[in-house]
Amino acid sequence: MLTITSLTAPTAPLRVDPSARTPLRVALVQHRWNPDAAALKAELQGAISIAAEQGAQVVFLPEIALLRYPADTRAGENPGSEAEDLLTGPTFALAAEAATANGIVVHASLYEKSEAADGLGYNSAIMVSPSGELLARTRKLHIPISAGYYEDTYFRAGPADDPYPVYAPEHLGGARVGLPTCWDEWFPEVARSYALGGAEILAYPTAIGSEPSFPAFDTQPLWQHVIVGHGISNGLFMVVPNRCGNEGEITFYGSSFISDPYGRILVQAPRDEPAVLVADLDLDQRREWLELFPFLLTRRPDTYARLTEPVRTDAPYGDGHAATPVIK
């Protein structure tokens, strides 16, 4: 397994007062799906162990890592046939086993079963403690609907009740972590809401690659720019584990990365190879950046009412633009 590290946090260019916080060592795993479930599990467990051997205190996995990405085609009559129970399913078991074996926190993503009649499940991110206990769960809020990413036929949107929870596990020295998922990473409202909740790190388990309708169009640079930009405008570290390899209609482009509030890419994976990335995060860099560029302090929420109005399907591009259909 390719291992790429940045084991000394880069210089804090704006530091005035010394930091009393110990850097947090984090890791992510970029993987290629394997139809052999036992081999896939062994590969992920091995990658987590590699990260732990490098001193990582928490490891983050890609979106629904144990499944072939289902949404490259529309769901059939039973969309939730591969969904699993949160605490008794294979994803939690994998995370708990790896966490206890290595004495670290493990983040994972799963297709969580729902008992609703329509058969749709949740796309959920979890963190598991070194003792194998559930520390956190956040359900994906924004669900893609376009060609090759027919997730609305598999997943229901996460609830609006407490949509942006921030977790501060004692095992991570009080670091404050948010757990949105994939399509959530395109929405500035998500990163800003987490920043207002005091998050320091956002981890986005991701499954993104080619566009079946436009195979020559490479979205990787746009995807990375958007996420890094959200980190800059909110003073956030971004941890983004993606898949790689071909899965039906989509070839996932890897390129997983970890960035800091200054927009620096600390570590990045190649496009087409499984990898473990490990980096030290100097968490006080969030504070010092927002002291110089106080974006949260100078907001004008009294002018943002339009943002909370219901979505208008007859005006998907805003006022004065004719509606056209989403590419399916």
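A brief look at the structure comes next.

### Notes on the overall build of the chain
Each helix and strand counted, the chain has five helices and 15 strands in total. Relative to the globule expectation of 20 Å for 328 residues, the C-alpha radius of gyration of the chain, 19 Å, shows essentially globular dimensions. The principal-axis extent of the C-alpha atoms belonging to the chain is close to 55 × 55 × 40 Å. Contacts spanning at least 24 positions in sequence make up 71% of the contacts within the chain whose residues lie at least 6 apart. Of the accessible surface of the chain, which amounts to about 14200 Å², a share of 55% is contributed by carbon and sulfur atoms. A gap of 4 Å separates the mean positions of the 24 positive and 40 negative side-chain charges of the chain.

### A few points about the nonpolar core
Membership of the largest hydrophobic core comes to 33 residues, with the highest contact counts inside it found for Tyr69 and Leu202. Counting residues per element, the ones that place at least two in this core are helix H3 (188-196), helix H4 (220-234), strand E10 (237-240), strand E12 (250-253) and helix H5 (284-292). In terms of residue count, H3 provides more of this core than any other element does, four residues in total. Leu202 has contacts with Gly178, Pro180, Ala191, Tyr194, Leu236, Phe237, Met238 and Val239, leaving out every residue within four places of it along the chain.

### Observations concerning a nonpolar patch on the surface
A surface patch of nonpolar side chains, amounting to about 390 Å² of accessible area, comprises Phe214, Phe217, Leu222 and Ile327. Taking the relative accessible area as the measure of exposure, Phe217 reaches 44% and is therefore partly exposed.

### Focus on the environment of Ile126
If you trace the backbone, Ile126 turns up in strand E5 (residues 122-128). A relative accessible area of 0% means that Ile126 is categorised as buried. Here the alpha-carbon distance between Ile126 and Ala136, two residues ten residues apart in the chain, equals 5.2 Å. Apart from the residues within four sequence positions on either side, Ile126 is in contact with Leu86, Phe92, Val106, His107, Ala108, Leu110, Leu134, Ala136, Arg137 and Leu179.

### Digging into the packing of aromatic side chains
One pass over the structure, following the stated rule, counts 13 aromatic pairs. Ring centres of Tyr111 and Phe155 lie 4.8 Å apart, and the angle between their planes is 85 degrees; on these two criteria the pair is classed as edge-to-face. Here the residue Tyr111 occupies a position in strand E4 (residues 105-112), and Phe155 occupies one in the loop between strand E6 (134-139) and strand E7 (166-167), the gap between them amounting to 44 residues. Each of the two residues, Tyr111 as well as Phe155, counts as buried. Feature note: the residues Tyr262, Trp289, Phe293 and Phe295 constitute an aromatic cluster, connected by ring pairs. For Arg156, the ring lying beneath its charged end belongs to Tyr122, and the centroid distance is 5.8 Å.

### Some remarks on the pairing of E6
Within a regular strand, side chains alternate between the sheet's two faces. Relative to E6, E5 runs antiparallel, the two being bridged by five bridges. In the strand pairing of E6, Val128 is matched with Leu134. What sits between E5 and E6 in their antiparallel hairpin is a turn of five residues, with Gly132 showing a positive phi close to 85 degrees.

### Some words on the environment of Ile227
Along the chain, the position of Ile227 falls in helix H4. In the structure, Ile227 is positioned 65 residues away from Leu292 in sequence and 21 Å away in space, judged by C-alpha atoms. If near-sequence neighbours (up to four positions away) are discounted, Ile227 is found in contact with Glu185, Tyr204, Met238, Val240 and Phe257.

About the criteria used
Residues numbered from 1 in each chain as written. Predicted model: local features only at pLDDT ≥ 70, side-chain atom pairs only at ≥ 80, totals over all residues. Heavy atoms only, no water. Helix = DSSP H or I, 4+ residues; strand = E, 2+ residues; numbered from the N terminus. Rg over C-alpha atoms; globule rule 2.2 N^0.38 Å. Contact = heavy atoms within 4.5 Å. Areas by Shrake-Rupley, 256 points an atom, 1.4 Å probe, with all protein chains shown as cover. Lys, Arg positive; Asp, Glu negative; His and termini not counted. Charge placed at Lys NZ, Arg CZ, Asp CG, Glu CD. Core = buried A, V, L, I, M, F, W, Y, C linked by side-chain atoms within 4.5 Å. Buried < 20%, exposed > 50% of the residue type's maximum accessible area, 1.4 Å probe, protein only. Patch = residues over 30% accessible without salt bridge, like charges linked within 9 Å, V, L, I, M, F, W, Y side chains within 5 Å. Salt bridge = Lys/Arg side-chain N within 4 Å of Asp/Glu carboxyl O. Phe/Tyr/Trp six-rings, centres within 6.5 Å; stacked < 30°, edge-to-face > 60°. Lys NZ or Arg CZ within 6 Å of the ring centre and 35° of its normal. Pairing = 2+ DSSP bridges.

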